[in-house]
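# Chain and residue survey
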Amino acid sequence: EHGTSVHDAQSEDQASRRSADVDDEAPPSSDNSNLDLAAKFKAFSESRRASAATAICSSVPSAIAYLTKQFVRCGGETASNRCGGSFSCGGRAARIGFADALTEFLRLQASKGDFQLTEAVRPVLEMVGSSFEKQIMKAEKGGNSLSSEIDFFSTPSPNASPEKRMQTISGAFLSGRNPRAKSSADPSIGRLLASDVLRKGISENLSESLQLNVLLELTASCNLSIKSTVDGNNNSESPPLNRHEIQVALIEISHLVVALGEAGSSSLDDLLAMLDKCLSHSDHGVRYEAAIVHAAIAQAFPAVGRKFVLSSLNEIVANVDEIRGLASKAPAITSPTPKSRFRRSVEKPHGNSQSDQLMHSQCVLHGKALALSMLMHEFPHIMGGVNAAIVVKVFNVAEKLLHCQFDEALVQKNPTAACTCIRSGYCLLSGVLTMGTEAVIPHISSAFTFWQNSGMNVLPGVSKFSPTHDLLIVESLLASVVTFLKFCPDLLLAVPDALNRLTALLEKLFPLVSSGGKLDQEKNSTLGNARLSSAISSIMEAYSWLPPGSFPLSADRIFTFASNQIQELSESDILCSILDSLLSREDKLIEAHSVERAVSPGQIGGSVRLDTNISMRGSDILHHNEREATLHLLAWRKKFRMRHHDDEYHKSPI
């Protein structure tokens, strides 16, 4: 009513001004009627818009639906209007704001007690629902997609690959767009914010019994969604969850399993059955989050985790034999997927049952190996400790997987399947190396044999793979080497000739990834550039762990290469992770850390929300393939979880 009165007063004032301006030259009466009609129509539309916005927030469910809808409509970096030109950050900041508003709104409802927060679980998942999926699919179709057969588990979705291109200032100026305009950070940002709202707005404000109900509801929803995807039938009233919603649900399930502990034992059977399907999902993110849930279950139920390891190792052995048999029968795909030109659609090649089964077997192998490697992180810190029988069997299975690199029939017929087996083997090896010196020392000679044989087989003139597949092997190999140096550094000097063998291995691999090397050409592709950066980081990290003076022949080249890397990254505004250790305590105004790197209670909560928002607004987003590359290097946080932060940098010799 106040707005209507103000608008009427403004209309009268404008009418009086018009009459004063025209004076004697008054327009015909028909024009006056037209002006009055336009003013009335404008007033009517504005009043309608105001009443509609008021009606939307008339109840708690409608307000949640309104904030969720605005979260999707504001668009991400690829869907929003960039009014700021090359300096605009797109819609990422707006989505962070809507997510914060929804979180605070749910907290207020929890304090009032008038609304059941469990009813908001499904509406919150709509933040990454069907409308969000359409935005992502539209952006991915316009991006630079790669064939899913080349690297099937590395893309954030089955249809496109992450695109992170370095753009010069002149290029940004000429294009008039943000360098992140074609970034595929939108799905990661959406899932991150949705899981944050689900956790801090709903689950943290529920009692234990209600948390158990949410756990059962999320488990049932994921189970029905995956079943409907496989069967093609949806018998439930609500639509099935898409790949983003399943990942958000799995993230919250992992939190709830740890929070409930033994109280969640009633949901364990249904949860394990659902996770078994998720580990064979076609989306890499679903497999990754399902593996994390298995690690969370092992914290609360150690016996269940060990039983899963033993059964999964047997399945992996049978799965490798199945992959070899299917690879010899399925047709090999040697050319990438054709791209559309002149807006013409490209007909996708039709797959056959053997090719689909081969792809499914690779997904199962990768998901099982990823889950087992995460469980290896937990065993040294849970009741029962390390089981020597499990370690022996893991090394035997890893040897069988790594032997696929020398299977000429498999490599020639389907090199992608061979790379999947090799990477799964090194994933298991990296996981078992995190268990510490006592578990690894009886098998250290086997680990060095794996590295030496694989390192010799990727050299120019010896390798049977393409440079793309060689980079896949080198990246996983170097990740396992760094894991060994981080968790078993004493064995480097305790085992005879270990230092010399490791130094010789690094000196053979360094020319491959350095400028002008065999693998340097992979930086021209999107995925290749990400993998090459990961391999370079691993080899720099490995050299930094070696004793001073242990590599005199390559010291100058390493120093020059590292200096160039620091210069290039600094010019690209990449922050250095060692900056925190260079600051004194007086300069640390905000003692905030991310949850993954927090080692004391004072480093999370309070000002961390501000620090998280700043990081999300300006940082690049890690995709699942990049998270997997550093997965085993972050396991140190479990060991130092209860230790207060001091000047010692986690016993690192740097």
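A brief structural summary. (Residues numbered from 1 in each chain as written. Predicted model: local features only at pLDDT ≥ 70, side-chain atom pairs only at ≥ 80, totals over all residues. Heavy atoms only, no water.)

## Considerations on the side chain of Ser 476
Heads up, the rule is: Per the convention used, a helix needs a DSSP run of H or I reaching at least four residues, while a strand needs a run of E reaching at least two, with both numbered from the N terminus. Exposed residues in this analysis have more than 50% of their type's maximum accessible area, buried residues have under 20%, and partly exposed residues fall in between, with area computed by a 1.4 Å probe over protein chains only. Residue contacts follow a heavy-atom distance rule, with two residues in contact if any of their heavy atoms lie within 4.5 Å.
Tracing the backbone through its elements, the reader meets Ser 476 in helix 20 (residues 467-487). Its relative accessible area of 9% is what places Ser 476 among the buried residues. Residue contacts for Ser 476: discarding those within four places in its chain leaves Arg 423 and Tyr 426.

## Describing the packing of helix 17 (residues 415-433) against helix 20
Heads up, the rule is: Angles run from 0 to 180 degrees between N-to-C directions of axes, and those axes are lines fitted to C-alpha atoms, restricted for helices to the stretch in contact. In this scheme, roughly parallel covers angles under 35 degrees and roughly antiparallel covers those over 145, while 65 to 115 is roughly perpendicular and the rest are oblique. Just so you know the grouping, Ala, Val, Leu, Ile, Met, Phe, Trp, Tyr, Cys and Pro go in nonpolar, Asp, Glu, Lys and Arg go in charged, and all remaining residues, Gly too, go in polar.
Viewed as axis vectors pointing N to C, helix 17 and helix 20 meet at an angle of 5°, and their least axial separation amounts to 9 Å. On the basis of the axis angle, helix 17 is roughly parallel to helix 20. Packed against helix 17, whose contacting residues are Pro 415, Thr 416, Cys 419, Ile 422, Arg 423, Tyr 426, Leu 429, Ser 430 and Leu 433, the element helix 20 presents His 469, Leu 472, Ile 473, Glu 475, Ser 476, Leu 477, Ala 479, Ser 480, Thr 483, Phe 484 and Phe 487 at the interface. By residue class, the composition of the contact of helix 17 with helix 20 is 12 nonpolar, 6 polar and 2 charged.

## Digging into the pattern of salt bridges
We count it as follows: The rule for a salt bridge is simple: a side-chain nitrogen of Lys or Arg has to be within 4 Å of a carboxyl oxygen of Asp or Glu.
What the rule picks out here adds up to 16 salt bridges. We note a salt bridge from Arg 199 to Glu 252, for which the minimum N-O separation is 3.2 Å. Of the two residues, Arg 199 is situated in helix 8 (residues 185-202) and Glu 252 in helix 10 (residues 243-260); the sequence distance between them amounts to 53 residues. Judged on exposure class, the residue Arg 199 and its partner Glu 252 are both buried. A salt bridge links Glu 315 to Lys 368, with the nearest nitrogen and oxygen atoms 3.1 Å apart. Residue Glu 315 is found in helix 13 (residues 302-329), and its partner Lys 368 is found in helix 14 (residues 353-378); the two are separated by 53 residues along the sequence.

## Quick notes on the environment of Trp 545
With respect to the helices, strands and loops of the structure, Trp 545 is situated in helix 23 (residues 526-545). Separated by 56 residues in sequence, Trp 545 and Pro 489 have C-alpha atoms that sit 8.1 Å apart.

## Points about unusual backbone geometry
A positive phi angle, close to 65°, is found at Asp 497, a residue other than glycine. With respect to the helices and strands, Asp 497 occurs in the loop between helix 21 (491-494) and helix 22 (498-513).

Remember that the coordinates give geometry; whether it matters functionally is a separate question.
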